[in-house]
Protein chains: 2
Amino acid sequence: MATDYKTLAGQEFDRAAFESLLRRKVFLWQSFEPYGATKGLFDYGPPLETLEAEVINIWRDHFIRHEKMMALKCSMLTPYNVLKTSGHVDKFADFMCKDPKTGEILRTDHLIKDVIETRLKGDREARGEKIEEVDDPKKKKKASKAAKTAVKLDDNVKQEYEHLLATLDDCTGDGMGALIKKHDIRNPSSGNEVEPPVPVNLMFQTQIGASGKEPAFLRPETAQGQFLSFQKLLEYSDGQLPFASASIGYSFRNELSPRSGLLRVREFLMAEVEHFVDPLSNKQHPKFHLVKDVKLPLLSRTVQSEGGSTPVDISIGEAVASKLVDNETLGYFLVRIMLFMEKIGIDMKKLRFRQHMANEMAHYAADCWDCELLSSYGWVECVGCADRSAYDLSVHMKATGVPLQVKETLKEPVRVEEWVAQLDKKKSGPLFKKDAGKIQAALDALSQDQREELGGKLQKEGSAELEVPDIESKLAKLSLDIVKVEKESRVVTTREYIPNVIEPSFGVGRILYSLMEHVYWTRDGDAARSVMSFKPTVAPVKVLVVPLQKDARFAPLIAQLEQRLDEDAMSFKLDQSGVSIGKRYSRNDELGIPFGITVDYQSLEDNTFTLRDRDSTKQVRASLDQILEAVVKMVRGKEVWADVEKRLPSFESKDEDKEEA
Amino acid sequence: MATDYKTLAGQEFDRAAFESLLRRKVFLWQSFEPYGATKGLFDYGPPLETLEAEVINIWRDHFIRHEKMMALKCSMLTPYNVLKTSGHVDKFADFMCKDPKTGEILRTDHLIKDVIETRLKGDREARGEKIEEVDDPKKKKKASKAAKTAVKLDDNVKQEYEHLLATLDDCTGDGMGALIKKHDIRNPSSGNEVEPPVPVNLMFQTQIGASGKEPAFLRPETAQGQFLSFQKLLEYSDGQLPFASASIGYSFRNELSPRSGLLRVREFLMAEVEHFVDPLSNKQHPKFHLVKDVKLPLLSRTVQSEGGSTPVDISIGEAVASKLVDNETLGYFLVRIMLFMEKIGIDMKKLRFRQHMANEMAHYAADCWDCELLSSYGWVECVGCADRSAYDLSVHMKATGVPLQVKETLKEPVRVEEWVAQLDKKKSGPLFKKDAGKIQAALDALSQDQREELGGKLQKEGSAELEVPDIESKLAKLSLDIVKVEKESRVVTTREYIPNVIEPSFGVGRILYSLMEHVYWTRDGDAARSVMSFKPTVAPVKVLVVPLQKDARFAPLIAQLEQRLDEDAMSFKLDQSGVSIGKRYSRNDELGIPFGITVDYQSLEDNTFTLRDRDSTKQVRASLDQILEAVVKMVRGKEVWADVEKRLPSFESKDEDKEEA
């Protein structure tokens, strides 16, 4: 639960204070505030926009460049047919219930959860359990009102409700409809009964052009564009598998009632990799040996089914060998995901990999792991790492007739034995007429086993029926003289196959939100002095320049500093407002600026400056060249503060410059 | 015209060959090809996606970091009301004509242009003028068909048609409707008459949520989100103007019939700056003195109105002093735009700044300049640099009541004299009853001049009428005893004002397309050997690694090279296919890889490698450390090939390794 969540300094996490900082320093806000703000849409201000850009650059370097992935940018606007084939038109939906009297639309699972939780809360109140300390007078009033309506539940009912909440996620629409009837669940704001749940598609629909003939959606994932580009990718990689494509782009989900801030939004940036691999390769990965000893916190399906929630640290080599993780490629990506998280500054104690339960996975998936990050909202999926098998390429190939597959020349020709079912053209033509072609196609579509079975039946009974959905009679009557089913032997020199796809899919907004919570803490003994300890590599602003006080004599030194920082392409903020230097450091700690350069009276004499480390508040004093060298190295991730402290003389500020406690 | 367009090497530009290269090397393609491709939507393959990322990073550094702009990311989904206020719901439209029999939708200006151009072409054919060389048999057939329908036009008609084409862009919908009737313009594909032009809004419409109560659009520009964030920006910059925000994000335009490839698309990346400035500041810019001597190719309104199209090189200091460019801020941005274009590798001979004619600008704009780039499609606007005055902030403030303005404490209090018109509350209450408040509001809305005039009239005539649209009678009768109009003097300590906005707006796709045309050329004497001379700083792949031939002994050296390039974060491509080294260089020149490192037999002996420069095909030979140092410096823009050639010994490849002529 959220109450267990601690800051990196081990303090209670105060979400209200944290959110106040985000607002004050304009990290983010709900979009279109002057027009009343739109739920589920957020704007990023300068600190968060820049943080995102830094994180994306690291992602590009860590995945696209280092792994030689093929970067793709595909369109967001997507024609109806594409998403009909992929299954999104039919299945990308949430259930909702309508209040017929008010017209209100309620997301069904939220409705059930809210009503049942309220009843359980009423029960706890009726039993006299202490709910929480209430200081706020507004809340006190609400609480006393609630106490009046507190109703004690029968023990059986209470147990049933608790079970219901635990299993709600697995419910179908009909299942939820039954729960609503059984427990008389009504719209809490009106008291009205609601209509039965109906699925509502979560894609934003629009039209391309003005003809009305090109219905389209905003894509719900970047993956489909990558699948449809398969032929180009194959061309670019000279036909050699495995290879991976990668897209950083926006996707959309028309949430019925968005909650949880940045964790569930309607418009979001994703970074998705599609790794295409030969299904006969055992999904081995050429670089697996390089990572096999890396340990990951893995929460297995088995542990979860036994009610456990503590991950076990285990090396990926061992995990793949024991089949806990299905294959090397999946394992390799889990390691790369963890290393990426570490690089951007995620707290490794707040990261785990959770295996999907069997009922969470698509029917075709072999294995699936989520990288979850802990925040004050609990454990949240931030990266999904799924095996999509050959599903997507197959359905698009079937729908369009375009070969989304690999044709491989075999090293040596292979003799294969195959059952072949062939109509006798002379006899079948007059008999079946225009249906003959469709019947042959149906025969071609039979599997080897089905062909063998058909041959056996014909031999035994002289005739057999074949389902041919495309013809009027739906069934074709075949006899021994009209179709020949035989085992044939032939030499094959090429192999055609549809690759399997392993897909690590990153929700960038969720990662950024978790990261912001992970780096937030307050200075010992002063909850008002909060700090965002972004790593120098990702910090939105790298350097704070502060003259000791307002003094015109500092101007040339500041100008010199500004010019040098610009030459080194370092972003910086100059704070020469009138408040004390300690206050200026403090308020910029909230922006997460890792280093401060102070211009003081000694600088005027010997052209030295002090360099302050945000996290320790320690300072060193050195020449401008030395200080800039240290800053550049730390920002590029080549050095850390401990290295700089060793190299450069430390500096103790005089009493009047001290930072307030 | 396109035929004048030359490559950087001065060759005729062969667009078919260029497009073939883009397809072959998967720079881009129409989206959703397996589903028949959607017009106006493009996917970027690895070379173009990466080029875009490099260009965007330079843009961020050049504008956001260097100019200390506030980076913003705002939502693409935009509520109806926002775009109603901004004027886009009513005015962001193209005219179309419907063919009532076929249902076809035709963009009106394209329809007129196509039909008239066909007639003029028929006239030229009838007059026996040579149109163009026709080699393609398919085209030949078309041409001979056209010749049969060639009709000579009356000289007056011909002149009228030519004038019509030149002025078509200035036509209103009614104007175009009149032209269609006058010249009997019909749908060329059916021969049918078309319905009169109607405006069709070019925004993609959708719905937020499932209630049907939140109509929304995909934004047509990123600017509106920035305007609505004005208060946050003001907060972040401690209330100090001028400041600028910047957004890199997607916008959408539902083109009726997209043409011209990447130059007119339905979904596009923009980089937009909104620079907010005090209108009383004269729009001076604090850094203008740094750029005042930079010369720009300026094509003024005057030159254009005299039929000229040749820009004049003039220093921006002079241009602002002579008022050719309206103000310093606009001038400063024109210079920064040009420097950015130079940085990414735009051919400076194919860049000009064109001033908008008076009828091209919004009514409120003071001045507007486009940065145009020349490509085989002619001069195309790639950056617009407009003065949006206080328009957007004012309309949103009026519509929402949220103060999108600056409140400034004056350095010294100021005594102002103002006409004040005030109802006598005791008398006006009983007389006007519930209308009294509305009448006072109407008085408050009067300008100083209007109040003075009202006062004069009351003095002279004893009574006057006041328009009050909100009350039933629409007019209020005022008399001397009921309203007092007096000049009052008071001391003012603050000033409220709505900033003016100067907006440089970059179309990223158009810039990328122009850049690709600008860097394309073919080696002397061999049109088949084409080269994309991307600058090392933006090239999608930095290094080509080529072993002289297939030889297992090279493997450890290649592995060493790969590791070192990875450590330096250099993207590279390894080409060890069986073809000659010259061919491998050639085919990778098409990807624009600036440097090639060759592993040969001498490398086995002394661990030296050769480094090849793509543009000159010259080579040097040195140790791995020296070669990597040179590559890193050139990729970071700190050195160019000429520097490296001076430092490192040149290498002449033996006959058998020579690149084919």
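Residues numbered from 1 in each chain as written. Chains lettered and ligands numbered in written order. Predicted model: local features only at pLDDT ≥ 70, side-chain atom pairs only at ≥ 80, totals over all residues. Heavy atoms only, no water.

Draft legend 1. Summary view of the overall build of chain A. Scanning chain A from N- to C-terminus turns up 24 helices and 28 strands. Here the C-alpha coordinates of chain A stretch approximately 105 × 70 × 55 Å along the principal axes. A total of 661 residues make up chain A; the buried ones form 52% of that total. Intrachain contacts of chain A at a sequence separation of at least 6 include 68% that bridge at least 24 residues. On chain A, roughly 31,500 Å² of surface is accessible, and the fraction owed to carbon and sulfur atoms is 50%. Of the charged side chains in chain A, 95 are positive and 106 negative; the average position of the first set lies 2 Å away from that of the second. (Helix = DSSP H or I, 4+ residues; strand = E, 2+ residues; numbered from the N terminus. Buried < 20%, exposed > 50% of the residue type's maximum accessible area, 1.4 Å probe, protein only. Contact = heavy atoms within 4.5 Å. Areas by Shrake-Rupley, 256 points an atom, 1.4 Å probe, with all protein chains shown as cover. Lys, Arg positive; Asp, Glu negative; His and termini not counted. Charge placed at Lys NZ, Arg CZ, Asp CG, Glu CD.)

Draft legend 2. Structural detail: the sheet that holds strand S5 (residues 93-98) of chain B. Residues and elements named next belong to chain B. Here three strands make up an open sheet; going across it, the order is S6-S5-S7 and the pairing antiparallel. A single partner strand is all that each edge strand has here, and the edge strands are strand S6 (105-107) and strand S7 (198-201). Ignoring strand direction, the axes of neighbouring strands in this sheet form an average angle of 50°. Here helix H5 (residues 108-126) sits on the sheet and contacts S5 and S6; the angle it forms with S6, its principal contact strand, is near 75°. (Pairing = 2+ DSSP bridges. Axes fitted to C-alpha atoms, helices over the stretch in contact; angles between N-to-C directions.)

Draft legend 3. Local environment of the pairing of strand S14 (residues 351-355) of chain B. Residues and elements named next belong to chain B. Of all five residues making up S14, five are buried, and the element is well covered by its neighbours. Burial along S14 is two-sided: the face carrying Leu351, Phe353 and Gln355 and the face carrying Arg352 and Arg354 are both buried. In this sheet, S14 lies alongside strand S12 (residues 295-299) in parallel orientation, the contact comprising two bridges. From the neighbouring strand, Leu298 faces S14, where its bridge partner is Phe353. Pairing of S14 with strand S15 (residues 368-375) involves five bridges; the strand directions are antiparallel.

Draft legend 4. Expanded view of the relation of the copies chain A and chain B. Once turned by 180° and shifted 0.0 Å along the axis, chain A lies on chain B with an RMSD of 0.4 Å. The transformation relating the two chain copies, once decomposed into turn and shift, fits a two-fold axis. Residue A:Thr206, judged by its C-alpha, is the member of chain A lying nearest the rotation axis, at 2.8 Å. Looking at chain A, 99% of its interface residues are interface residues in chain B too, so the copies touch through the same face. (Least-squares fit on C-alpha atoms with pLDDT ≥ 70 in both.)

Draft legend 5. Representation of the interface of chain A and chain B within the structure. If you look at the interface, chain A gives 79 residues, while chain B gives 79 residues. Buried surface at the junction of chain A and chain B, summed over both partners, amounts to about 6,800 Å²; 59% is from carbon and sulfur atoms. Of all residues in chain A, A:Tyr35, A:Lys73 and A:Tyr236 give up the largest surface area on contact with chain B, accounting jointly for 13% of the area buried on that side. Summed over the shared surface of chain A and chain B, the number is eight salt bridges. A salt bridge links A:Glu49 to B:Arg60, with the shortest nitrogen-to-oxygen separation between them at 2.7 Å. (Buried area = accessible area lost by both parts, 1.4 Å probe. Salt bridge = Lys/Arg side-chain N within 4 Å of Asp/Glu carboxyl O.)

Draft legend 6. Quick look at the sheet that holds strand S3 (residues 70-72) of chain B. All names here are of chain B. Spatially, S3-S10-S11-S21-S16-S15-S14-S12-S13 is the arrangement adopted by the nine strands of the open sheet, whose pairing is mixed. Unpaired on one side and paired on the other, S3 and strand S13 (312-315) mark the two borders of the sheet. Across this sheet, the average inter-strand angle for adjacent strands is 30°, counted without regard to direction. Pairing of strand S11 (residues 267-277) with strand S21 (residues 500-507) involves six bridges; the strand directions are antiparallel. Following the sheet pairing, Met270 is matched in S21 by Gly507.

Draft legend 7. Expanded view of the domain arrangement of chain A. Domain assignment breaks chain A into domain 1 (15-74 + 219-391 + 502-506), domain 2 (93-201), domain 3 (412-497) and domain 4 (541-647). A separation of 80 Å is found between the C-alpha centroids of domain 3 of chain A and domain 4 of chain A. (Domains from an automatic or database assignment.)

Draft legend 8. Highlighting the packing of aromatic side chains. This model, assessed by the stated rule, comprises 40 aromatic pairs over all chains. Taken together, a centroid distance of 5.3 Å and an interplanar angle of 65° make the contact between B:Phe63 and B:Phe506 edge-to-face. Here B:Phe63 is found in helix H2 (residues 46-65), whereas its partner B:Phe506 is found in strand S21, with 443 residues between them in sequence. The class for B:Phe63 is buried, based on a relative accessible area of 1%. Classification of B:Phe506 as buried rests on a relative accessible area of 1%. The interplanar angle of 90° and the centroid separation of 6.4 Å between the aromatic rings of B:Phe227 and B:Phe276 together place this pair among those described as edge-to-face. A residue pair is termed long-range when its members are at least 10 positions apart, and B:Phe227 in helix H9 (residues 223-228) and B:Phe276 in strand S11 qualify at 49 residues. Per residue, the accessibility class of B:Phe227 equals that of B:Phe276, and both read buried. Above the face of the B:Phe572 ring, A:Lys68 is positioned so that its terminal group lies 3.0 Å from the ring centre. Residue placement shows B:Lys73 over the ring face of A:Tyr44; its charged tip is 4.4 Å from the ring centre. (Phe/Tyr/Trp six-rings, centres within 6.5 Å; stacked < 30°, edge-to-face > 60°. Lys NZ or Arg CZ within 6 Å of the ring centre and 35° of its normal.)

Draft legend 9. Seen up close, the environment of A:Met203. All names here are of chain A. Position of Met203 among the secondary structure elements: in the loop between strand S7 (198-201) and strand S8 (205-207). Spatially, the C-alpha atom of Met203 lies 27 Å from that of Ser189, the residues being 14 residues apart in sequence. With near-sequence residues (within four places) excluded, Met203 lies in contact with Leu83, His88, Val89, Phe92, Phe217, Pro220 and Asn254.

Draft legend 10. Expanded view of the side chain of A:Gln304. Residues and elements named next belong to chain A. Within the secondary structure, Gln304 sits in helix H12 (residues 301-305). Among the polar contacts listed, one links the side chain of Gln304 to the backbone oxygen of Leu299, at a separation of 3.3 Å. Apart from residues no more than four positions distant in its own chain, Gln304 is found in contact with Leu299, Arg354, Gln355 and Met357. (Polar contact = N/O pair within 3.5 Å; in protein donor to acceptor, adjacent residues only side chain to side chain.)

Draft legend 11. Inspection of helix H23 (residues 624-635) of chain B at higher detail. Residue and element names in this part refer to chain B. Under the 1.5 Å per step criterion, the end-to-end length of H23 is 16 Å for 12 residues, consistent within 8% with the ideal 16 Å. Considered for burial, the residues of H23 that qualify are Leu624, Ile627, Leu628, Ala630, Val631, Val632, Met634 and Val635. Just beyond H23, the residue with positive phi is Gly637, at close to 80°. (Expected span 1.5 Å × (residues − 1).)

Draft legend 12. Expanded view of the nonpolar core. Within the largest apolar cluster, 204 residues are counted, with the highest numbers of intra-cluster contacts made by B:Met341 and B:Met516. Sequence-distant contacts of B:Met341, that is, excluding residues within four places in its chain, are made with B:Ile346, B:Met348, B:Leu351, B:Cys371, B:Leu373, B:Val383 and B:Ile511. Listed in part, the 35 residues of the second largest apolar core include A:Leu548, A:Ile597, A:Phe609 and A:Ile627. (Core = buried A, V, L, I, M, F, W, Y, C linked by side-chain atoms within 4.5 Å.)

Draft legend 13. Representation of the pattern of salt bridges within the structure. Enumeration over the complete set of coordinates arrives at 95 salt bridges over all chains. Between A:Lys73 and B:Glu52 there is a salt bridge, with its nearest N and O atoms 2.7 Å apart. Placement of A:Lys73 in the loop between strand S3 (70-72) and strand S4 (77-79) and of B:Glu52 in helix H2 is noted, with the two residues assigned to different chains. A:Lys73 sits in the buried class, given a relative accessible area of 14%. Residue classification places B:Glu52 among the buried positions, given a relative accessible area of 7%. Ionic contacts of the salt-bridge type, sharing partners, join the residues A:Asp94, A:Arg107, A:Asp109, A:Arg253, A:Glu255 and A:Arg264 into one network.

Draft legend 14. Representation of unusual backbone geometry in the model. Residue and element names in this part refer to chain A. Cis geometry marks the peptide bond from Leu241 to Pro242, where omega comes out at -5°. Structurally, Pro242 can be placed in the loop between helix H10 (230-236) and strand S10 (243-252). Phi is positive for Phe32, which is not a glycine, with a value near 60°. Classification of Phe32 by relative accessible area gives buried; the value is 5%. Positive phi is not limited to glycine here, since Thr617 has a value of about 60°. Note on placement: Thr617 falls in the loop between strand S27 (608-613) and strand S28 (619-623). Judged by its relative accessible area of 29%, Thr617 falls in the partly exposed class.

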